[in-house]
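What follows is each chain in one-letter form.
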Amino acid sequence: MPLTREQLAQRAARELRDGFIVNLGIGIPTLVANYIPAGMEVWLQSENGLLGMGPFPREPEIDPDLINAGKQTVTALPGASFFSSPTSFAMIRGGHIDLCILGAMEISQHGDIANWMIPGKLVKGMGGAMDLVAGVERVVVVMEHCNKKGESKVLPECTLPLTGRRCVDLLITDLCTMEMDHSKGMFRLVELAPGVTAEDVKARTRAEYLADRVPMAMSV
Amino acid sequence: MLQKLFKTPADAIAAARVKGIVKDNISVMVGGFGLCGIPEGLILALRDSGVKGLTCISNNAGVDDWGLGLLLKTRQIRKMVSSYVGENAEFERQYLAGELEVEFNPQGTLAERIRAGGAGIPGFFTATGVGTIVAEKKPVQKMAFKGREREYVMETGLWADLALVKAWRADSFGNLQYRKTARNFNPEMATAATFVIAEVEAVVEKGVIDPDQVHTPGNYIDAIVVTKPEKRIEQRTVRSA
């Protein structure tokens, strides 16, 4: 059984470590905030200029001057800080963020990521995605393994314009987890979703990947 | 003493026009992220000034009936330099019709180009965008840095004729304080234009703002105007209980 969106977020949350500074993208990655393990201190960074992002406000707490990178009203936790967008991106590009979790349209077997434009369709812009994949220490991608037509989104080469080249460290899909082996420049199949076999992954993946270890069962 | 305080946004724009700053085909930096921390009154006054052919440097392009969307509707903008413009149907129409030129910059590259421009830095190297269409036709160079060799792309500093910024409050010299995430691009834009107008919610006497708490030193600011902003919210999200 492929993972649900909530289960994907739960699996991605297992990449969090105590004290981490983390940037979460829009979509499934945003849900990861709901699964921060109890007792673990994780600081969420919002690239418009906030470190220490809290949950959505209660109605009386709404402040139009306090929003996240998705332009949603949010709160700031005790210990939070506000800073300008240039300072925020210096934080991202300077390697001061431990982990970012992003969605993607395509991933190549070399760890390239495409998630910002489809030729022929209206281009809305890349926002901060290119900065995050280029600057953050560890880049985790969470996505559905196949598109709506059932075609593999994990490809030998991306067909869409890239957001970043050779930058993805871990790929979590609804079928499996693949970890980049940086010495070989290829992903390795390391985990299978409950009820998914290595043959299922093989059949639904166009990319080449390393399958030289017995994959573990993904715990969600 | 230099009088920086103006009664209305229109007066401040008029003062910039007298100095030869506000005219057709100029470049304008406009602060804000989405509709948060935008100089609402100054955008309206710039619209009413009737200048056209503008190059607007702003992270986003407002929505159809607010922020820079107002200047798109009146066709006063020729080109946008932005990182993301998803929330504006009129923008979409003009862009697809080829009536509006758009230069997409990664958000951090846009931010750093503004910061660099204000700091007198004409160009810098960054890893962002290497291997993507953003780096096409730009110098790319391998450099060793922090114990690792990788490719970097050269980006240029930005400078504009006019910057319109929004702060929480100012003193009469122009020292500014921002509030929460309404800060966004405003402080650096205030450093990167020939003429800078700050729209604020209050002006206080000099000395009221603790020098340790000044976000933008007053020398950057040429004109100040007080307004009561609407502060529209794009995504009103709440939790129950």
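Residues numbered from 1 in each chain as written. Chains lettered and ligands numbered in written order. Predicted model: local features only at pLDDT ≥ 70, side-chain atom pairs only at ≥ 80, totals over all residues. Heavy atoms only, no water.

For the rest of this paragraph, the subject is helix α2 (residues 40–49) of chain B. Residues and elements named next belong to chain B. The element α2 is extensively covered by neighbouring structure, given that seven of its ten residues are classed as buried. Taken as a whole, α2 has its buried residues at Glu40, Gly41, Leu42, Ile43, Ala45, Leu46 and Ser49. Of the residues flanking the end of α2, it is Gly50, one or two places downstream, whose phi is positive at about 80 degrees. (Buried < 20%, exposed > 50% of the residue type's maximum accessible area, 1.4 Å probe, protein only. Helix = DSSP H or I, 4+ residues; strand = E, 2+ residues; numbered from the N terminus.)

On to helix α5 (residues 107–118) of chain B, then. Residue and element names in this part refer to chain B. For α5, which comprises twelve residues, the first-to-last C-alpha distance of 17 Å matches the rise-based estimate of 16 Å (1.5 Å per residue) to within 8%. With ten of twelve residues buried, α5 is to be regarded as a mostly interior element. If you check which residues of α5 are buried, you get Gln107, Gly108, Thr109, Leu110, Ala111, Glu112, Arg113, Ile114, Ala116 and Gly117. (Expected span 1.5 Å × (residues − 1).)

Our next topic: the sheet that holds strand β8 (residues 148–156) of chain B. All names here are of chain B. Taking strand neighbours across the sheet as the criterion, the three strands line up as β6-β8-β7 in an open arrangement whose pairing is antiparallel. Each edge of the open sheet carries a strand with a single partner, namely β6 (123–126) and β7 (140–145). For this sheet, the mean inter-axis angle between neighbouring strands, taken without regard to orientation, is 45 degrees. Lying over the sheet, α5 contacts β6 and β8, oriented at roughly 150 degrees with respect to β6. (Pairing = 2+ DSSP bridges. Axes fitted to C-alpha atoms, helices over the stretch in contact; angles between N-to-C directions. Contact = heavy atoms within 4.5 Å.)

It is worth spelling out the packing of aromatic side chains at this point. This structure, assessed with the given rule, holds two aromatic pairs over all chains. With a centroid separation of 6.4 Å and an interplanar angle of 80 degrees, the aromatic rings of Tyr95 of chain B and Phe104 of chain B are classed as edge-to-face. Aromatic rings pair up to connect Phe91, Tyr95 and Phe104 of chain B into one cluster. Sitting over the ring of Phe33 of chain B, Lys71 of chain A keeps its end group 4.9 Å from the ring centre. Directly above the ring of Tyr209 of chain A sits Lys202 of chain A, whose terminal nitrogen or CZ lies 5.3 Å from the centroid. (Phe/Tyr/Trp six-rings, centres within 6.5 Å; stacked < 30°, edge-to-face > 60°. Lys NZ or Arg CZ within 6 Å of the ring centre and 35° of its normal.)

Moving on to the interface of chain A and chain B. In this assembly, 47 residues from chain A lie in contact with 53 residues from chain B. Across the interface of chain A and chain B, roughly 4,200 Å² is buried in total on both sides, 58% from carbon and sulfur atoms. Taken as a group, Asp65, Lys71 and Lys124 of chain A account for 18% of the area that chain A buries against chain B, more than any other trio of residues on that side. Put simply, chain A and chain B have seven salt bridges between them. A salt bridge links Glu151 of chain B to Arg165 of chain A, with the nearest nitrogen and oxygen atoms 2.7 Å apart. Counting across the interface, chain A meets chain B through 29 residue pairs in polar contact (both at pLDDT 80 or more). Within the residue set of the side of chain A that touches chain B, elements represented by two or more residues are α3 (85–93) and α4 (129–135) of chain A. If you tally residues by element for the side of chain A that touches chain B, the top one is α3 of chain A, at five residues. (Buried area = accessible area lost by both parts, 1.4 Å probe. Salt bridge = Lys/Arg side-chain N within 4 Å of Asp/Glu carboxyl O. Polar contact = N/O pair within 3.5 Å; in protein donor to acceptor, adjacent residues only side chain to side chain.)

Counting 58 residues, the largest nonpolar core has Ile107 and Val201 of chain A as the members making the most contacts within it. With five residues, strand β8 (residues 138–143) of chain A is the largest single contributor of residues to this core. Among the nonpolar cores identified, the runner-up in size contains 43 residues, and Leu42, Leu54, Met80 and Leu164 of chain B belong to it. (Core = buried A, V, L, I, M, F, W, Y, C linked by side-chain atoms within 4.5 Å.)

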